[in-house]
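Listed below are the residues making up each chain.
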Amino acid sequence: MQPTITPLDATLGASITDIDLANLNEDTWAIVEDAFHEYAALVFPEQNLTDEAQIAFANRFGDMEILRDDPNAKAVNITNQKPDGSILQPDEHRYQALRGNEGWHTDSSYMPLAAKASILAALTVPSAGGETAVADMRAAYDDLDQDMKDRIEGLSAHHSLYQSQAKIGHIVETGAGYGYHDKGAPLRPLVNIHPVTGRKSLFIGRHAYSIPGMDDGEAQELLDELLDFACQPPRTYFHSWRPGDVFMWDNRCTLHAARPYDYGEARIMRHTRIAGDPVSELVATGRDARAADFVPSSTNR
Ligand code: OGA
Ligand code: MN
């Protein structure tokens, strides 16, 4: 069976059919990996993967990111339904985290090692809404005018989950990796170069908030302007889920966002997140830089 690749009606994305992700051979895997690099977002309708099959497919792309909530878990459910079957309420921490996912973002950019790719599988979907949107930051960069390209060349932004959640009125716990904020948060160039394709893309999103050398207000205005421009048609695709669908994106050159739905209904998505490559996705944090200032004096003797 040869997979069929159908480009989506956007500058990114393709739907791949005539494929069984639970039974890939090396030839089919090579086709998927090439399509991932070319299209940056892939839809695989009606796969109905088990946990194990989703993890095995994710592992084709690389190692799983360690998930803080459960370091042994390789797949987590991104869901508003609690283990006892009840639905999260607005005053609960996880509810606020899910609302945060509704802002355009790229996964783990606030961690020292940003994510390579994320894979979502729909287990339970609400009756309306709850799509997942993705936006092409390669085309967004290409489509900037030359003045803007010149303006952002060489600039970097700090990325912080503390800041992005604070903007929606949610204060997250600091420490244990999520706690990088202020000027200690990971600093990432606004223009990213893809480690495989070499293509430039805008590296922005809700976690980006402060640009060294620029006043914070001015930086926020610039970041908002870039985000508003970037996440517009024809650079966006909205996936309307059916249970069993698999949708994945390249965090190095896209942004994504969940769409609202009736929060009284259950929405259960199984998420596997592939860690970035330290060569291209690891950056120092200010915390590390400060630590380097405190080298014990004995080592200088
Ligand atoms: C995520 C995420 C979007 C969605 O799991 O990282 O942003 O549609 N999910 O649930
Ligand atoms: Mn996400």
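Along each chain, the written sequence defines residue order, and numbers are assigned to residues from 1. To read the labels, note that chains go from A and ligands from 1, taken in the order they are written. Where local features are concerned, this predicted model is filtered to residues with pLDDT of at least 70; where side-chain atom pairs are given and counted, the filter is 80 or more; whole-chain, interface and lining totals use all residues. Water and hydrogen atoms play no part in the side-chain values, which are based on all heavy atoms of the structure.

To continue, consider the overall build of the protein chain. Helical segments are the DSSP runs of H or I of at least four residues, strand segments are the runs of E of at least two, and each set is numbered from the N terminus. In terms of helices and strands, the protein chain carries 9 helices and 15 strands. For a compact globule the rule gives 2.2 Å times the number of residues to the power 0.38, and the radius of gyration it is set against comes from C-alpha atoms. Its C-alpha radius of gyration of 19 Å places the protein chain within 12% of the 19 Å reference for a compact globule of 301 residues. Structurally, the protein chain occupies a C-alpha span of about 65 × 45 × 40 Å along its principal axes. Burial analysis of the protein chain (301 residues in total) assigns 52% to the buried set. Pairs at least 24 residues apart make up 81% of the contacts formed inside the protein chain by residues separated by at least 6 positions. Burial classes: relative accessible area under 20% of the type maximum marks a residue as buried, over 50% as exposed, and values in between as partly exposed (1.4 Å probe, protein chains only). Any two residues having at least one pair of non-hydrogen atoms within 4.5 Å are treated as being in contact.

For the rest of this paragraph, the subject is the coordination of the manganese ion (ligand 2). The donor definition counts N, O and S atoms within 2.8 Å of each metal and applies 3.2 Å to Na, K and Ca; water is not among these atoms, so some sites may look incomplete. Donor atoms from the polypeptide that bind the manganese ion (ligand 2) are H105 (NE2), D107 (OD) and H256 (NE2), placed at 2.1 to 2.2 Å. Taken in sequence order, the residues that donate to the manganese ion (ligand 2) follow the motif H-x1-D-x148-H. With H105 in the loop between helix 3 (93-100) and strand 5 (115-124) and H256 in strand 14 (residues 254-258), the pair connects residues that are 151 residues apart, well separated along the chain. Exposure class is identical for H105 and H256. Each is buried.

Turning next to the sheet that holds strand 12 (residues 236-239). In spatial order, the strands read 12-6-14; together these 3 strands make up an open sheet with antiparallel pairing. For this open sheet the edge positions go to strand 12 and strand 14, each flanked by a neighbour on one side alone. Across the sheet, the axes of successive neighbouring strands diverge by a mean angle of 20°, strand direction being ignored. For strand 6 (residues 132-136) and strand 14, the ladder comprises 5 bridges, and the chain directions are antiparallel. Across the sheet, the residue bridging to A135 is L255, located in strand 14. At least two DSSP bridges between two strands are needed for those strands to be called paired. Axis definition: a line fitted to C-alpha atoms, limited for helices to the stretch in contact. Angles are taken between N-to-C directions and run from 0 to 180 degrees.

Looking now at the pairing of strand 13 (residues 246-250). Most of strand 13 is tucked away: 5 of the 5 residues are buried. Of the strand pairs in this sheet, strand 3 (residues 41-44) and strand 13 are connected by 4 bridges, and their pairing is antiparallel. Its bridge partner lying in strand 13, F44 is registered against V246. Here strand 5 pairs with strand 13 via 5 bridges, running antiparallel. Its bridge partner being in strand 13, L120 is matched across the sheet by F247.

To continue, consider the site of ligand 1. When we say a residue is near a molecule or strand, we mean one of its heavy atoms is within 4 Å of it. The full set of residues close to ligand 1 is I78, N101, H105, D107, L120, T132, H256, A258, R267, H271 and R273. What qualifies as a polar contact is a pair of N or O atoms within 3.5 Å, subject to a donor-acceptor requirement within protein and to the restriction that residues adjacent in sequence count only when both atoms come from side chains. Within the contact set of ligand 1, an oxygen atom lies 3.1 Å away from a side-chain nitrogen or oxygen of D107. In the model, an oxygen atom of ligand 1 is placed 2.8 Å from a nitrogen or oxygen of the H271 side chain. A total of 290 Å² of accessible area belongs to ligand 1 in isolation, and the protein chains cover 99% of it. At the level of secondary structure, the elements contributing two or more residues to the shell around ligand 1 comprise strand 14 and strand 15 (268-275). By the convention adopted, Pro, Cys, Tyr, Trp, Phe, Met, Ile, Leu, Val and Ala count as nonpolar, Lys, Arg, Asp and Glu as charged, and the other residues, Gly among them, as polar. Counted by class, the shell around ligand 1 contains 3 nonpolar, 5 polar and 3 charged residues. Accessible areas in this description were obtained via Shrake-Rupley with a 1.4 Å probe; residue shielding takes into account the shown protein chains only.

All right, on to the sheet that holds strand 7 (residues 156-159) then. Spatial ordering of the open sheet is given by 8-7-11, a layout of 3 strands whose pairing is antiparallel. The open sheet has two edge strands, strand 8 (187-189) and strand 11 (208-210), and neither has a second partner. Taking each pair of neighbouring strands and ignoring which way they run, the sheet shows an average axis angle of 55°. Strand direction decides the pairing type here: strand 7 and strand 8, joined by 3 bridges, are antiparallel. Its bridge partner being in strand 8, S156 is matched across the sheet by P189.

Salt bridge, as used here, is a side-chain nitrogen of Lys or Arg placed within 4 Å of a carboxyl oxygen of Asp or Glu. Within the structure shown, the criterion is met by 12 salt bridges. Among the charged side chains, a network of salt bridges with common partners joins E65, D107 and R273.

Right, let's talk about the packing of aromatic side chains for a bit. Aromatic pairs are defined between Phe, Tyr and Trp rings, using the six-membered ring for Trp, whenever the two ring centres lie within 6.5 Å; interplanar angles under 30 degrees are classed as stacked, those over 60 as edge-to-face, and all others as tilted. A complete count under the given rule lists 9 aromatic pairs for this structure. When the centroid spacing of 5.9 Å and the interplanar angle of 75° are considered together, the rings of Y237 and F247 count as edge-to-face. Of this pair, Y237 sits in strand 12 while F247 sits in strand 13, placing them 10 residues apart in sequence. Judged by relative accessible area, F247 falls into the buried class, the value being 0%. Members of the aromatic cluster, each reached through a chain of ring pairs, are W29, F36, F44, F57 and F61. Consider the ring centre and the ring normal. A charge sits over the ring if Lys NZ or Arg CZ is within 6 Å of that centre and within 35 degrees of that normal. Cation over ring: R99 sits above Y263, and NZ or CZ is 3.6 Å from the ring centre. Across from the ring centre of Y141, 5.2 Å away, lies the NZ or CZ of K149, which sits over that ring.

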